[in-house]
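# Residue-level structural notes
One-letter residues, chain by chain:
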Amino acid sequence: MSFVTENVNWWFAKSGRDDDVVLSTKVTLYRNLADFPFIRKMTDDDKQRVDSLIYDAFCQEDYSFFSYDTLSDSAKKVFIDNNILFGNCSSVIINNKDDSISCLTNQSDHLKMSVFSAGFDCENSAKKLYTLDDKIQEKLQFAASMDFGYLTSNICNCGSGLQISVRMFIPSIFLSGQFSHIQNILEEHHLQAVTVFASNENYKDDFTQYLIDIKTTSSIEGTELDQIANICSICQVILKMERKIRQKFADNNSTIILNFLRQKYYKALSSLLLTYEEACDLICSIKWGMNLKLFKDIAQKELNALFYLEKDAHLAYLCNNFSFNFEEDVKNSLELQIKRLRAIVIHQTIEEK
């Protein structure tokens, strides 16, 4: 995978704690400037003033500022694929070090600040985000009240304005039929599980259905520390449960599992064209094989990074800026080039492992 990741420092290409089960952690703060209406009531002049004030607050920090209206379609697609951009906004702000901090202005609220981390890292991610929040509050006054805390356009984000999402890969829990138990625990603690990929009911062996985001549902109750501790404790329970169950799978179904995973493995090695959904299914399957110790010598960070590196926008950038010796029936179609390059990246990651 060297030609894809050489000389880059993206946050998602790094190792993270417990990254056999937890792919990434995202912590977000919602903020609105005092003396300005919420987005739905803002005029264009209001939005420009808010954007200008936020720009001034960030301008001495190590960030790049992108106006949404001047972004090319390909740049927007990169931000969308990297889970930075969701719908329209005024500006996108990215830290220049590793893209681990991103901010949106005038989307659902005046300012939405997010920190991404590889692996299970709620506490440090939140600390990093609150450090930024403190710096911004030295220059900007955010809307807040004694009764409701920070004021946001969505009442569920009032209070601390904090939202946490932990992306987990838990096939053993699903395959053992125990996910309903997890759902009950999540409901009791005011959390929710959201599938990352749309369910493919016609293909029950699709391993992408076992990739889920554990999310907070409200930031109103309790302090920031309470909210962080709540989701961390539940994710720890899920993490330990996944590891315990998968060992039982390995002990009791070794031949069946090995046969299934070898079929996935050789499909990954032999495929010439792959859609993103097909690639993610193979990545998830191989990741489970690694966790069961049936495959070796593939770093967890390499597989986890593929979920981002295999997306259309990144591969389109490579196809448009580098020379590849594609087959005759592939080289005249960008769509086929992307599918071909996606298969090549999978090959490079797992070959001879």
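The sections below set out a description of the structure shown in this document.

Calculation rules
Residues numbered from 1 in each chain as written. Predicted model: local features only at pLDDT ≥ 70, side-chain atom pairs only at ≥ 80, totals over all residues. Heavy atoms only, no water. Axes fitted to C-alpha atoms, helices over the stretch in contact; angles between N-to-C directions. Helix = DSSP H or I, 4+ residues; strand = E, 2+ residues; numbered from the N terminus. Parallel < 35°, antiparallel > 145°, perpendicular 65-115°, else oblique. Left-handed = near helix turned anticlockwise from the far one by under 90°. Contact = heavy atoms within 4.5 Å. Nonpolar A, V, L, I, M, F, W, Y, C, P; charged D, E, K, R; others polar. Buried < 20%, exposed > 50% of the residue type's maximum accessible area, 1.4 Å probe, protein only. Salt bridge = Lys/Arg side-chain N within 4 Å of Asp/Glu carboxyl O. Expected span 1.5 Å × (residues − 1). Arc of directions from axis to C-beta.

### Focus on the packing of helix α9 (residues 276-291) against helix α12 (residues 334-350)
It is at 10 Å that the axes of α9 and α12 come closest, and there the two elements cross at 10 degrees. Comparing their axes, α12 and α9 come out roughly parallel. Regarding α9 and α12, the two cross each other, and that crossing is right-handed. Residue-level inspection shows Tyr276, Ala279, Ile283 and Ile286 of α9 in contact with α12, the latter providing Arg342, Ile346 and Ile350. In the contact of α9 with α12, the residues fall into six nonpolar, no polar and one charged.

### A few points about unusual backbone geometry
A positive phi angle, near 55 degrees, is found at aspartate 18, a position not held by glycine. Relative to the helices and strands, aspartate 18 resides in the loop between α1 (2-5) and β1 (22-31). Not every positive phi belongs to a glycine, and histidine 190 is a case in point at roughly 60 degrees. Its relative accessible area of 53% is what places histidine 190 among the exposed residues.

### Observations regarding the pattern of salt bridges
According to the stated counting rule, one finds 14 salt bridges in the structure shown. With a shortest N-O distance of 3.5 Å, aspartate 18 and arginine 17 are connected by a salt bridge. Judged by its relative accessible area of 17%, aspartate 18 is buried. For arginine 17, a relative accessible area of 41% corresponds to the partly exposed category. One salt bridge in this structure joins glutamate 335 and lysine 339, with 3.7 Å as the shortest N-O distance. With glutamate 335 and lysine 339 both in helix α12 and four residues apart, the pair spans about one turn of that helix.

### Quick look at helix α2 (residues 44-58)
Owing to its 3.6 residues per turn, the α-helix aligns residues three or four sequence positions apart on the same side. Along its 15 residues, α2 runs 21 Å from first to last C-alpha, staying within 8% of the 21 Å computed at 1.5 Å per residue. Residues of α2 that are buried include every one of Asp46, Val50, Asp51, Ile54, Ala57 and Phe58, and no others. Around the axis of α2, the buried residues are gathered within 130 degrees of arc, so they sit on the same side. For α2, the exposed residues set more than 90 degrees away from the buried face come down to Asp44, Asp45, Gln48 and Arg49. Tucked inside the fold, the buried residues of α2 contact β2 (63-67), β3 (91-95), β4 (101-105), β5 (111-118) and α4 (122-137).

Bear in mind that shape data such as this cannot, by itself, settle questions of function.
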